[in-house]
Amino acid sequence: MTAPARTETGVRIRRTVGLAGFGALARGIVAAFAADEIEWIVLLRASSGTVLPNRVRRVESLAELIAAHPEAVVEAAGQAAVADIAPALLEAGIPVVLASIGALADQGIRDRLAAARQQTGAALVLPSGAIGGLDYLRAIAGLADARVRYTSRKPVAAWAGELAAHGWTVNDGETVLFEGTAEEAARRYPQNLNVALTIALAIAPAALTVRVIADPLAPGNIHEIEAESGAGTASMRFANAPSPDNPKTSAVTALSLAASLRGLLDNGRR
């Protein structure tokens, strides 16, 4: 059971929370909590030269992280890390907040996570991240005629590497980089298209079409969702400021992860 946040005398008890990775997302999560509220333990590779704040302790193996008995771990290390750490954490009974939801495009990973959760009942939390409206999408998911399209529209700076790799230049108009399924989008753009998998999981078994656009006129990271079914139509647009440390990521994503973590700690879900 999760310990209370304060004692009867009102003295704050520091909670122990793990982080996998310490990039822009993890820094944003730490900043969302008071300095004396959480004892953070971050898992980093031995070769990592990342400089950590004073209130963040470093470990270099998953075994060390598990041995610290954190109340939860937030994965913020990228899709490749999910298979390496999330099943073992869940098997140890440690809840996981997953940032790299795009990793769930792999059915094998989904099966491993489900099996681990079945063993211990530990929670696997999938935050909404850069978007909202998932409750509406879940509500229509079972309708036979439900159709949903998601468009990711980001400034050219967010796609600089991809554009350069293809020899593409974007002048005055937008460039459609991709159109297809959420699973393919998440595999092709592991740092950009976690939202696509978030929506796909919410609306399954309904169909989802994904478009990825580099737009020189986009004021930030734009997420557009259009839904149509016998229950009606919906159009949602989220214009997010990019993270100052990573233009591929919306600043609100770290806030969403922090809110999910706070809810997990407050509710003591296992």
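Predicted model only: the values in this text are computed from it and were never measured.

*Asks:* Help me out: how do you make sense of the pattern of salt bridges in this one?
*Replies:* Here the idea is simple: oppositely charged side chains can pair when their charged atoms come close. This structure, assessed with the given rule, holds eleven salt bridges. The salt bridge partner of Glu 71 is Arg 15, with a shortest N-O separation of 3.0 Å. With Glu 71 in the loop between helix 2 (62-67) and strand 4 (72-75) and Arg 15 in strand 1 (residues 15-20), this pair connects stretches of sequence that are 56 residues apart. An identical accessibility class is assigned to Glu 71 and Arg 15; each is buried. The shortest N-O distance in the salt bridge between Arg 153 and Asp 215 comes to 3.4 Å.

*Asks:* It is not clear to me how the sheet that holds strand 9 (residues 207-214) should be interpreted in this structure. Could you clarify?
*Replies:* Picture the strands of a sheet paired through backbone hydrogen bonds; they go either parallel or antiparallel. The mixed open sheet is built from five strands, whose spatial order is 8-9-7-10-11. Each edge of the open sheet carries a strand with a single partner, namely strand 8 (175-180) and strand 11 (232-240). Each adjacent strand pair in this sheet contributes to an overall mean axis angle of 15 degrees, direction not counted. In this structure, strand 7 (residues 147-154) lies alongside strand 9, joined through eight bridges in parallel fashion. Across the sheet, the residue bridging to Thr 151 is Arg 211, located in strand 9. Against the sheet, helix 8 (residues 194-203) contacts strand 7, strand 9 and strand 10 (221-229), and its axis sits at roughly 165 degrees relative to strand 9.

*Asks:* I keep staring at the packing of aromatic side chains and nothing clicks. Help me out?
*Replies:* For any pair of aromatic rings, geometry is given as the distance between the ring centres together with the angle between the planes. Applying the stated criterion across every chain, the model contains three aromatic pairs. With a centroid separation of 5.5 Å and 75 degrees between ring planes, the pair formed by Phe 33 and Trp 40 is classed as edge-to-face. Across the pair, exposure class does not vary: Phe 33 and Trp 40 are buried alike. Centroid distance Trp 159 to Tyr 189: 5.1 Å. Interplanar angle 75 degrees. Geometry classified as edge-to-face. You can see Trp 159 sitting in the loop between strand 7 and helix 6 (160-166) and its partner Tyr 189 sitting in the loop between helix 7 (182-188) and helix 8, a full 30 residues away along the chain. Put simply, the rings of Trp 159, Phe 178 and Tyr 189 touch in pairs and so form one group of aromatic residues.

About the thresholds
Residues numbered from 1 in each chain as written. Predicted model: local features only at pLDDT ≥ 70, side-chain atom pairs only at ≥ 80, totals over all residues. Heavy atoms only, no water. Salt bridge = Lys/Arg side-chain N within 4 Å of Asp/Glu carboxyl O. Helix = DSSP H or I, 4+ residues; strand = E, 2+ residues; numbered from the N terminus. Buried < 20%, exposed > 50% of the residue type's maximum accessible area, 1.4 Å probe, protein only. Pairing = 2+ DSSP bridges. Axes fitted to C-alpha atoms, helices over the stretch in contact; angles between N-to-C directions. Contact = heavy atoms within 4.5 Å. Phe/Tyr/Trp six-rings, centres within 6.5 Å; stacked < 30°, edge-to-face > 60°.

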